[in-house]
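Breakdown of the fold
This is what each chain is made of:
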Amino acid sequence: MSETKQGAVRVPRRILNALMASLAAGVVPRTGAPYVAIGRREEIGAFLSDLENISEGGAAMRFLIGRYGSGKSFLMQLVRGYALERDFLTADADLTPERRLYGTGGTGVATYRELMKNLASKASPDGGALPKIIARWLGQLQAEVGEDATGEKLRVRVSEALSDVEFMVGGFDFARVIVAYYRAYLDGNDEKMSACLCWLRGEFSSKTEARSALGIQVSVIINDENWYDFIKLFAVLARRIGYRGLVVFVDECVNLYKIVHRVSRENNYEKILSMFNDALQGKAEGLLLCLGGTPQFLEDTRRGLFSYEALRSRLCDSRFFAPEFKNLIGPVIRLRRLSDDELYALIVRVSALYAECYGTAPRITSEQQVRFLRFCLSRAGADSLMTPREILRDYMTVLNILMQNPDTDFDALLARVGGEGESGVQESAETGSENGTPSPFDPSDIVL
């Protein structure tokens, strides 16, 4: 796609404003990610292959590993969008000191509640989709039953659809609550429907409270110990009601690495091991789990996943693997640094979106964009450590300054920031050209 065509693409104003604000602040946009997606084609292809697998009833688990700002969260949001388009359910949550995979005092079930709050479907991409998902299923069953859509046949049809779920851990109570929801729906009892949704979202603190609100006997409530079992139940339910599967994204797993107490940290790693075994041994159906974290979270032998021998032996690289090789079939995906060409294409695309958002073309030429990128990549260690977040934040700052300060031009701004560094970058580029050494990238070769 040419730059002219890219500029002609009309992005909804709400998405465009949120996208520009997110990029300027170094925050991953929740919507609009495809408009700035550059590179990562192979990584996306690996996830799309996983989606096809779980749509057939399989399960998978991926560890997305990269430095802060390397694009982990961005890739998760991108894959989330692809999954929704393909009629999967998605749920995502960020781990915090108050939200863990395993914990006491509600820290485990807090993660489940966040996942349920962000449960999304194609019709409800922003989350909160649970009532709509169940209503869609009810409508389908009513259409199948026909004339007796409010009678005994509907109840029997619901029970038949949930029969497979009843034999799973927690499945009996799960099915009873779903059936109670349908009865409340047919009776027009909004209070009982709300109570059923509260149980499904894990919001009851005791079984007594749940029984009183639901009006039925339940032997369990969703808590710190069993919340993952109900994620597997939702994955099965998703396929039973017509969706292709459930995709769960858990980001900021580095917060598990930061847990000070060894026993608590290892309990969380034990939960990850349980998830991993379920996914690869066929104990889960229609479920894709994606955990995002830093290299420390994975590789630190003192506090990371590699400190837990059962996980280290499953996730460590084979002795035949080397950094120059790629392996996107294994459970661990390490994000590479975007190439210089891809970074240039990224800032060109952001420039086009910036012009569309503010109604004026940025006061920066293609040659100046090349100089800006060379300046960023001239820093020590940039070849391996420079991240898209850093480059985009700096570039958005440059565009904002140029737009709001007409008396300032790009050359003066770069000289003010870089000083001798800018002249050094120019000298290096000229020397490389004289010696026949290719420049880091050739903008004329880039196809946007």
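Let us look at the structure shown here. (Residues numbered from 1 in each chain as written. Predicted model: local features only at pLDDT ≥ 70, side-chain atom pairs only at ≥ 80, totals over all residues. Heavy atoms only, no water.)

**Regarding the packing of helix 8 (residues 171-187) against helix 9 (residues 190-200)**
To keep things clear, this is the line we draw: Helix axes are fitted only over the stretch in contact, all axes being lines through C-alpha atoms; the angle between N-to-C directions runs from 0 to 180 degrees. Secondary structure elements follow DSSP: runs of H or I of four or more residues count as helices, runs of E of two or more count as strands, with numbering from the N terminus. Note that the term roughly parallel is reserved for angles under 35 degrees, roughly antiparallel for angles over 145, roughly perpendicular for angles of 65 to 115, and oblique for everything else. Should the near helix be turned anticlockwise from the far one by less than a right angle, the crossing is termed left-handed; should it be turned clockwise, right-handed. Residue contacts are defined here by distance: any two heavy atoms, one from each residue, within 4.5 Å place the two residues in contact. Residues were grouped as follows: Ala, Val, Leu, Ile, Met, Phe, Trp, Tyr, Cys and Pro as nonpolar; Asp, Glu, Lys and Arg as charged; and all remaining residues, including Gly, as polar.
The contact between helix 8 and helix 9 brings their axes to 8 Å, and the two run at 155 degrees. By the angle between their directions, the pair helix 8 and helix 9 is classed as roughly antiparallel. Crossing geometry of helix 8 relative to helix 9 is assigned as left-handed. Only Lys192, Met193, Cys196, Leu197, Trp199 and Leu200 of helix 9 make contact with helix 8, whose side of the interface consists of Asp173, Phe174, Val177, Ile178, Ala180, Tyr181, Ala184 and Tyr185. Across the contact of helix 8 with helix 9, the residue classes tally to 12 nonpolar, no polar and 2 charged.

**Thoughts on helix 4 (residues 72-85)**
Counted only if it meets this: The span expected for a helix works out to 1.5 Å for each residue beyond the first. Three labels apply to residues, based on accessible area from a 1.4 Å probe with only protein chains included: buried if under 20% of the type maximum, exposed if over 50%, partly exposed otherwise in between.
Between its first and last C-alpha, helix 4 extends 20 Å over 14 residues, near the 20 Å set by a 1.5 Å rise per residue. Most of helix 4 is tucked away: 11 of the 14 residues are buried. Turning to helix 4, its buried residues number three or more, namely Lys72, Ser73, Phe74, Leu75, Met76, Gln77, Leu78, Val79, Arg80, Ala83 and Leu84. In this structure, the buried side of helix 4 is in contact with helix 3 (41-55), strand 1 (59-65), strand 2 (89-94), strand 3 (246-251) and strand 4 (287-293). The first or second residue beyond helix 4 is Asp87, which carries a positive phi of 70 degrees.

**Observations concerning the nonpolar core**
Cut-off, in case you're wondering: Only buried residues count toward a nonpolar core, which is a set of Ala, Val, Leu, Ile, Met, Phe, Trp, Tyr and Cys residues joined through side-chain atoms within 4.5 Å.
One finds Phe63, Phe174, Trp199, Ile231 and Ile272 to be the most contacted residues of the largest nonpolar core, which totals 87 residues. It is helix 11 (residues 227-240) that contributes the most residues to this core, 10 residues altogether. Other than its neighbours up to four places away in sequence, Trp199 contacts Asp173, Phe174, Val177, Phe204, Ala210, Leu214, Val218, Val220, Ile221, Ile222 and Phe230. If you look at the next biggest cluster of nonpolar residues, it comprises 58 residues, including Ala33, Ile38, Ala60 and Leu399.

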